[in-house]
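# Secondary and tertiary structure notes
This is what each chain is made of:
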Amino acid sequence: LEAEPEEGPGGRALILVDDDPLFRQMAGERLGQLGFRVIACESVADGLAAVDREDAKGEAPALVADIVMPTTDSQGFLGGLELLEKLRRAHPEVKGVAVTAYPDESVREQVGALGGELMLKPGVGDASGLTEFFSRLAELLGGEGAAARPGPAAGMPEVAPPSPSPAPPAAAAA
């Protein structure tokens, strides 16, 4: 177990909570490149403590949490959902995005009811999907380097997508 969450340089604080060390490292690096000061945590308890520390500094951090990880009592596997529930009570100002490799409409609805967004993690070997995924996360959470994007990537759930203006039929035929 990590004694203290890893913290990197950057702008706005982003608490990254995921029990997968490989995803945590990759996501921390990518989100740091997009303008966040990433605080990587491996458990719900570590994530809550990191939010409390940032809040004590007078900063409302952003949050990215994996949905499928152990709960605080280790009796369940939807720790990310538990984290969002606890944050809504203690820190309603924290903007949260839940991520998962296992899409489920019921979980999406629960995350939405808690004021969060749910995004599907792309495969590790999908370079363009990963780039799009992290750009979309930064956009949702207000990162300094967030790039505008035309719409959701193929296979990615739509999360408050921008509405492009379609060309009028007459213009398309011309």
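Thresholds, definitions, all that
Residues numbered from 1 in each chain as written. Predicted model: local features only at pLDDT ≥ 70, side-chain atom pairs only at ≥ 80, totals over all residues. Heavy atoms only, no water. Helix = DSSP H or I, 4+ residues; strand = E, 2+ residues; numbered from the N terminus. Expected span 1.5 Å × (residues − 1). Contact = heavy atoms within 4.5 Å. Polar contact = N/O pair within 3.5 Å; in protein donor to acceptor, adjacent residues only side chain to side chain. Buried < 20%, exposed > 50% of the residue type's maximum accessible area, 1.4 Å probe, protein only. Pairing = 2+ DSSP bridges. Right-handed = clockwise from strand over helix to strand, strands pointing away. Core = buried A, V, L, I, M, F, W, Y, C linked by side-chain atoms within 4.5 Å. 1 Å grid on protein atoms, 1.4 Å probe; cavity = no way out; pocket = protein on both sides within 12 Å on 5 of 7 lines; lining within 4 Å. Points joined across faces, edges and corners; volume = space filled by probe spheres on them. Nonpolar A, V, L, I, M, F, W, Y, C, P; charged D, E, K, R; others polar. Salt bridge = Lys/Arg side-chain N within 4 Å of Asp/Glu carboxyl O.

Bringing helix H1 (residues 21-33) into the picture now. Helix length check: H1 (13 residues) gives 18 Å between terminal C-alpha atoms against 18 Å at 1.5 Å per residue, within 8%. Looking at the buried positions of H1, the neighbouring elements they touch are strand S2 (12-17), strand S3 (36-41), strand S5 (95-100) and helix H5 (127-141). Looking at where H1 begins, the residue whose side-chain oxygen comes 2.9 Å from the main-chain nitrogen of Leu22 is Asp20. Just beyond H1, the residue with positive phi is Gly35, at close to 105°.

The alternating pattern of strand S6 (residues 117-120) places Glu117 and Met119 and Leu118 and Leu120 on opposite faces, both of which are buried. Note: S5 against S6, four bridges, orientation parallel. Note on S6: the bridge partner recorded for Thr100 is Leu120. Note that the unit made of S5, helix H4 (residues 105-113) and S6 has a crossover that is right-handed.

Another aspect to go through is the nonpolar core. Counting 23 residues, the largest nonpolar core has Ile15, Val17, Leu63, Ile67, Leu83, Leu87 and Val111 as the members making the most contacts within it. Elements with a minimum of two residues in this core: S2, S3, helix H2 (44-56), strand S4 (62-66), helix H3 (79-90) and H4. For Leu83, the contacting residues outside a window of four places in its chain are Val17, Val44, Leu48, Leu63 and Ala65. Grouped together as the second largest cluster of nonpolar side chains are 21 residues, Phe23, Ala27, Ala62 and Leu130 included.

Another point: the layout of surface pockets. The calculated volume of the largest pocket comes to roughly 220 Å³. Sorting elements by how many residues they give to the lining of the largest pocket places H1 first, with three residues. Among the residues making up the lining of the largest pocket, the classes are represented as nine nonpolar, no polar and five charged.

Let us now look at the pattern of salt bridges. Under the criterion given, the structure shown has nine salt bridges. Glu82 is the salt-bridge partner of Lys86, the closest N and O atoms lying 3.4 Å from each other. Within this pair, Lys86 and its partner Glu82 are both found in helix H3, separated by four residues, close to a single helical turn. Residue class for Lys86 comes out partly exposed when judged on its relative accessible area of 28%. With relative accessibility at 14%, the residue Glu82 sits in the buried group.

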